[in-house]
Number of protein chains: 2
Amino acid sequence: MVKPLFKVSTPNEVIAMLKSHLNLKEITQSNIEVVDIKTALHRILAEEVVAPVNLPGFNRSTMDGYAIGAEDSFGATDSLPSYLKIVGEIKMGAKPEFKINPGESAKISTGGMLPEGANAVMMVEYTEQIDDTTIEARRSISPWENVVREDEDLKTGEIILRKGSRLRSQDIGVLAGIGKTNIKIYREPKIAIISTGNEIIPAEGEPRIGQIRDINSYTLGACIEEAGGIPVYRGIIKDEVILLEQEIKKTIKEDKVEAVIISGGSSVGVRDVTLEVLNRLGKPGVLVHGVSVKPGKPTILAISDNRPIFGLPGHPVSAMIIFDLFVRPLISLLQGGQYNYNSAKEIEVELTCNMVSDSGREDYIRVFIYEKDKKFYAEPILGKSGLISTMVRASGLIKIGLNIEGVEKGSKVVAKLF
Amino acid sequence: MVKPLFKVSTPNEVIAMLKSHLNLKEITQSNIEVVDIKTALHRILAEEVVAPVNLPGFNRSTMDGYAIGAEDSFGATDSLPSYLKIVGEIKMGAKPEFKINPGESAKISTGGMLPEGANAVMMVEYTEQIDDTTIEARRSISPWENVVREDEDLKTGEIILRKGSRLRSQDIGVLAGIGKTNIKIYREPKIAIISTGNEIIPAEGEPRIGQIRDINSYTLGACIEEAGGIPVYRGIIKDEVILLEQEIKKTIKEDKVEAVIISGGSSVGVRDVTLEVLNRLGKPGVLVHGVSVKPGKPTILAISDNRPIFGLPGHPVSAMIIFDLFVRPLISLLQGGQYNYNSAKEIEVELTCNMVSDSGREDYIRVFIYEKDKKFYAEPILGKSGLISTMVRASGLIKIGLNIEGVEKGSKVVAKLF
């Protein structure tokens, strides 16, 4: 009979524990920095941004043509044009020094400021200049046609960007538009990675038979970077309580990391070492010991001194899946983020074969995704969770939920893309 | 009557022109650098990577238990277990110094190397130790069960990663696994941004009425960064042929940029300046003058001295859309990339209202996307293409193709997420 090694937690329970046992307010408040917006792409905003002024701040032409009173064009057609007097030309970047009266117009370029009295721009294509001071306008235009009104882009006092949002290119642009070239953002959390396992050697080394190079430090480091954190590589530590404990304390003190990931230690012996160390580190200690996820069951989470410490499974596939489920959201939480940016990388796919799954756990299936006749298909990639090559061949993962026993061929499921 | 200002090109024609008029082979070959894989996330590989050895390189246990000959377990059950002699314990990271004969077993941990004679691992949960040298095995297991075979992850000579692929976390991991800690990648192309427009002032400045802060330099700079390039900010240049020409020559010489983006210049006057400058720069000169895209029609593309120079529309929304259509793929081409990574950010959405479009052009509609009952809906965000705030409110874009006149409410369309 299979004896369960420990009581497992569901993924939702793990996230709930992170939220309830960490003082996120304290962490985020002490992790704010001010940076130039040119370096702020994809960073998480630590302040609310309100429009300090109207944008553009003046009535602005969106076309080349003539600023007019729209009323002067009403009823104008090719066969019955309106005649308007040209009273001047608008200089770009300056306030016009003259007014427009009924029957008058002023030459204007895209981006130019409408003079007083004008409320529309007649496109140059619908006009003909008759002589030095007269145009024919051949179309009827509405008030404010071809004009951006002074507060049409932004109104003074309007909330533009909320605290906790992840800055995209256009968000950087709007900040430039209101002159806010420096911005408060959350610091990228530093996450230490410690690899354990007496059979693991550095990637630069030459393994003797029975040894294997450290894959997880690299995979997890890249995952941390991608999720918006800074990886701190602490190398490989032998499976001994004292050494592992020293290393954790050292990286917390020296590197001032916000979290620690211990990778490796899937075997019972190593797991015991990790567990003992995490239990010795201080309150509240070990909160999770096993999760209902396949692959990834032997996952440990402890919190000590307001700092999460994960014991991730040693198999590279399992480690990546568990990272995605728990460490990626943690990196977002540590920056006050409310936005799960990974959700933007999901597509609907059709399964090319039946998939079975045990009820009571979330199953993550590696899939190769291909497009055919404008539809996406997902073909499972089989292979043990120790095989990094399966992740290299895969385009993404599909999840089979906790209480679902399987999914049939032809079903539509959501795939999370790498 | 509307007179077309110039003969417009379709988006596909523009991409084809970039590919046919640029000597991409020459560009990519001279743009290779060698970096540590820890810094190579999301970079484009400039070499093919072949497995130099088998991975893991030895038969490796994926479980804690006993290494056995599978044949010794055949027929074993709870009520009729097999009895096996324990002949030793496998040390992690070392080659076992003993063999297994029929009827024998050796204690092994996850990650340990199977001794000669063993071809499977009996999970510890299915065993009971009877005395110091004997275990009961209560299950029948197949040959190679709970074992990663020596070449199961990678086989010597197998192609692991292809030239031109974008490195993901697992790709970095597999490189570490084969000891390839330095890798050839393509340099990130430097792209200069020059803002034009006499009404534009630097974002740090205080605009007088009629002036507007430079939004596009910032938006486009962030877009370049996101697409895998390095933005070179050249600031704002007055709309004068000589000044613009000098600036382009200067940035090409000083910054050694691979491409130049001139932003602004939507007005006929400014467009004329840009056009004149681009025509003076040398062969083949201006290739595109207007594209069948809305918003974004007044787009110019010139190539001179194997270097693309874009005249992007001045409206921020148009500039971003045109960037995405042409500059983003260019950045990928300049790095030998075959992979359109933006396709990973597309989801299917249902339109919440009818959308009309003119046949003969691609229409890009800004949409706000929300989820309801597990379905995604797209609600158009209306507003002129000069309004950066519409892009801030939008979650993405939907495209209405060249020859489609509109899309009905309830239709399913693909949205490209920001």
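Structure shown above.
Residues numbered from 1 in each chain as written. Chains lettered and ligands numbered in written order. Predicted model: local features only at pLDDT ≥ 70, side-chain atom pairs only at ≥ 80, totals over all residues. Heavy atoms only, no water.

Draft legend 1. The arrangement of the overall build of chain A in detail. Along its length, chain A carries 8 helices and 28 strands. For chain A, the C-alpha radius of gyration of 31 Å lies well beyond 22 Å, the compact-globule estimate for 418 residues. Counting only C-alpha atoms, chain A reaches 95 × 50 × 40 Å along its principal axes. Taking all 418 residues of chain A together, the buried fraction comes to 58%. Long-range contacts, defined here as pairs at least 24 residues apart, represent 72% of the contacts in chain A between residues at least 6 apart. On chain A, roughly 17800 Å² of surface is accessible, and the fraction owed to carbon and sulfur atoms is 50%. Looking at chain A, you have 51 positive and 55 negative side-chain charges, and the mean spots of the two groups are 8 Å apart. (Helix = DSSP H or I, 4+ residues; strand = E, 2+ residues; numbered from the N terminus. Rg over C-alpha atoms; globule rule 2.2 N^0.38 Å. Buried < 20%, exposed > 50% of the residue type's maximum accessible area, 1.4 Å probe, protein only. Contact = heavy atoms within 4.5 Å. Areas by Shrake-Rupley, 256 points an atom, 1.4 Å probe, with all protein chains shown as cover. Lys, Arg positive; Asp, Glu negative; His and termini not counted. Charge placed at Lys NZ, Arg CZ, Asp CG, Glu CD.)

Draft legend 2. Summary view of the interface of chain B and chain A. With 87 residues of chain B in contact, the opposing surface of chain A contributes 87 residues. Buried area between chain B and chain A, summed over both chains or domains, comes out near 7300 Å², and the portion from carbon and sulfur atoms is 60%. The three residues of chain B that bury the most area against chain A are K38, Q170 and Y218 of chain B, which together make up 9% of that side's buried surface. Where chain B touches chain A, the interface holds 6 salt bridges. Between K384 of chain A and E152 of chain B there is a salt bridge, with its nearest N and O atoms 2.6 Å apart. (Buried area = accessible area lost by both parts, 1.4 Å probe. Salt bridge = Lys/Arg side-chain N within 4 Å of Asp/Glu carboxyl O.)

Draft legend 3. Local environment of the sheet that holds strand β7 (residues 120-123) of chain A. All names here are of chain A. If you walk across this open sheet you meet the 6 strands as β7-β4-β6-β5-β9-β8, and the pairing is mixed. Strands at the two margins of the open sheet, each flanked by one partner only, are β7 and β8 (127-131). Strand after strand, the sheet turns through a mean of 40° between neighbouring axes, direction not considered. In this sheet, β7 lies alongside strand β4 (residues 65-68) in antiparallel orientation, the contact comprising 4 bridges. Among the inter-strand pairings, G65 is bridged to a residue of β7, identified as M123. (Pairing = 2+ DSSP bridges. Axes fitted to C-alpha atoms, helices over the stretch in contact; angles between N-to-C directions.)

Draft legend 4. The arrangement of helix α1 (residues 11-21) of chain B in detail. Residue and element names in this part refer to chain B. Here α1 has its buried residues at P11, V14, I15, M17 and L18. The arc enclosing the buried residues of α1, seen along the axis, measures out at 155°, which places them on a common side. Turned more than 90 degrees away from the buried face of α1, the exposed residues are N12 and S20. Along its buried surface, α1 packs onto β18 (284-289), β19 (293-294), β20 (300-304), β21 (307-312), α7 (316-333) and β24 (362-372). (Arc of directions from axis to C-beta.)

Draft legend 5. Spotlight on the side chain of Q335 of chain A. Residues and elements named next belong to chain A. Structurally, Q335 is set in the loop between α7 (316-333) and β22 (346-351). A polar contact is formed between the side chain of Q335 and the backbone oxygen of I331, at a distance of 3.0 Å. Filtering out sequence-adjacent residues up to four positions away, Q335 remains in contact with T28, I44, Y186, R187, E188, P189 and G228. (Polar contact = N/O pair within 3.5 Å; in protein donor to acceptor, adjacent residues only side chain to side chain.)

Draft legend 6. Quick look at the pattern of salt bridges. Residue and element names in this part refer to chain B. A full pass over the atoms with the stated rule returns 52 salt bridges over all chains. With its nearest N and O atoms 2.9 Å apart, the salt bridge here joins R234 to E247. With R234 in strand β16 (residues 230-237) and E247 in helix α5 (residues 241-255), the pair connects residues that are 13 residues apart, well separated along the chain. On the accessibility criterion, E247 (10% relative accessible area) is buried. Linking K399 and E362 is a salt bridge whose minimum nitrogen-to-oxygen distance equals 3.9 Å.

Draft legend 7. Summary view of the packing of aromatic side chains. Enumeration according to the criterion identifies 6 aromatic pairs over all chains in this entry. Seen from their ring centres, Y218 of chain B and Y233 of chain B are 6.4 Å apart, and the 40° between their planes marks the pair as tilted. In this pair, Y218 of chain B sits in helix α4 (residues 216-227) while Y233 of chain B sits in strand β16, placing the two residues 15 residues apart along the sequence. A residue is classified by how much of its surface remains accessible, and Y218 of chain B, at 5% relative accessible area, is buried. For Y233 of chain B, a relative accessible area of 27% translates into the label partly exposed. Above the plane of the ring of Y233 of chain A lies K38 of chain B, whose end atom (NZ or CZ) is 4.3 Å from the centre. (Phe/Tyr/Trp six-rings, centres within 6.5 Å; stacked < 30°, edge-to-face > 60°. Lys NZ or Arg CZ within 6 Å of the ring centre and 35° of its normal.)

Draft legend 8. How the structure looks around α7 of chain A. Residues and elements named next belong to chain A. For α7, which comprises 18 residues, the first-to-last C-alpha distance of 24 Å matches the rise-based estimate of 26 Å (1.5 Å per residue) to within 8%. Helix geometry: α7 is bent most strongly at F323, by close to 45°. The element α7 is largely enclosed, with a buried count of 17 among its 18 residues. (Expected span 1.5 Å × (residues − 1). Bend = angle between axes of the 7 residues up to and from the residue.)

Draft legend 9. Region of the structure containing the side chain of E245 of chain A. Residue placement: E245 of chain A occurs in helix α5 (residues 241-255). Exposure remark for E245 of chain A: the relative accessible area of 10% places this residue in the buried category.

Draft legend 10. Just the relation of the copies chain B and chain A, in detail. Turning chain B through 180° and shifting it by 0.0 Å along the axis lays it on chain A, with an RMSD of 0.0 Å. These values place the two chain copies in the arrangement generated by a two-fold rotation axis. Comparing interface residues between copies, 100% of those in chain B also lie at the interface in chain A; the contact surface is shared. (Least-squares fit on C-alpha atoms with pLDDT ≥ 70 in both.)

Draft legend 11. Broad picture of the packing of helix α3 (residues 169-177) of chain A against α4 of chain B. Running from N to C, α3 of chain A and α4 of chain B point in directions that differ by 155°, and their axes come no closer than 7 Å. Viewed along their axes, α3 of chain A and α4 of chain B adopt a mutual orientation that is roughly antiparallel. Crossing of α3 of chain A against α4 of chain B: the hand is right-handed. Here α3 of chain A contributes S169, Q170, I172, G173 and A176 of chain A to the contact with α4 of chain B, which in turn contributes Y218, T219, A222, C223 and E226 of chain B. Looking at side-chain class alone, the contact of α3 of chain A with α4 of chain B contains 5 nonpolar, 4 polar and 1 charged residues. (Parallel < 35°, antiparallel > 145°, perpendicular 65-115°, else oblique. Left-handed = near helix turned anticlockwise from the far one by under 90°. Nonpolar A, V, L, I, M, F, W, Y, C, P; charged D, E, K, R; others polar.)

Draft legend 12. The environment of G65 of chain A, seen in detail. Residue and element names in this part refer to chain A. Along the chain, G65 turns up in strand β4. Given a relative accessible area of 5%, G65 falls into the buried group. Separated by 55 residues in the primary sequence, G65 and A120 have C-alpha atoms spaced 9.9 Å apart.

Draft legend 13. Expanded view of the packing of α4 of chain B against α7 of chain B. Residues and elements named next belong to chain B. Closest axis-to-axis distance for the α4/α7 pair is 10 Å, and the angle between their directions is 30°. Judged by the inter-axis angle, α4 sits roughly parallel to α7. The two elements α4 and α7 cross, and the hand of that crossing is right-handed. Every residue of α7 that contacts α4 at N216, T219, L220, C223, I224, E226 and A227 is listed here: P316, A319, M320, F323, R328 and I331. The residue inventory of the contact of α4 with α7, partitioned by class, reads 9 nonpolar, 2 polar and 2 charged.

Draft legend 14. Examining the sheet that holds β18 of chain B more closely. Residues and elements named next belong to chain B. An order of β16-β13-β17-β21-β20-β18 is seen for the 6 strands of this open sheet, with the pairing classed as mixed. Here the strands that pair on one side only, and so sit at the sheet edges, are β16 and β18. Between one strand and the next, the sheet's axes are offset by a mean angle of 15°, whatever the strand orientation. As judged from the 5 bridges shared by β18 and β20, these two strands associate in the antiparallel manner.

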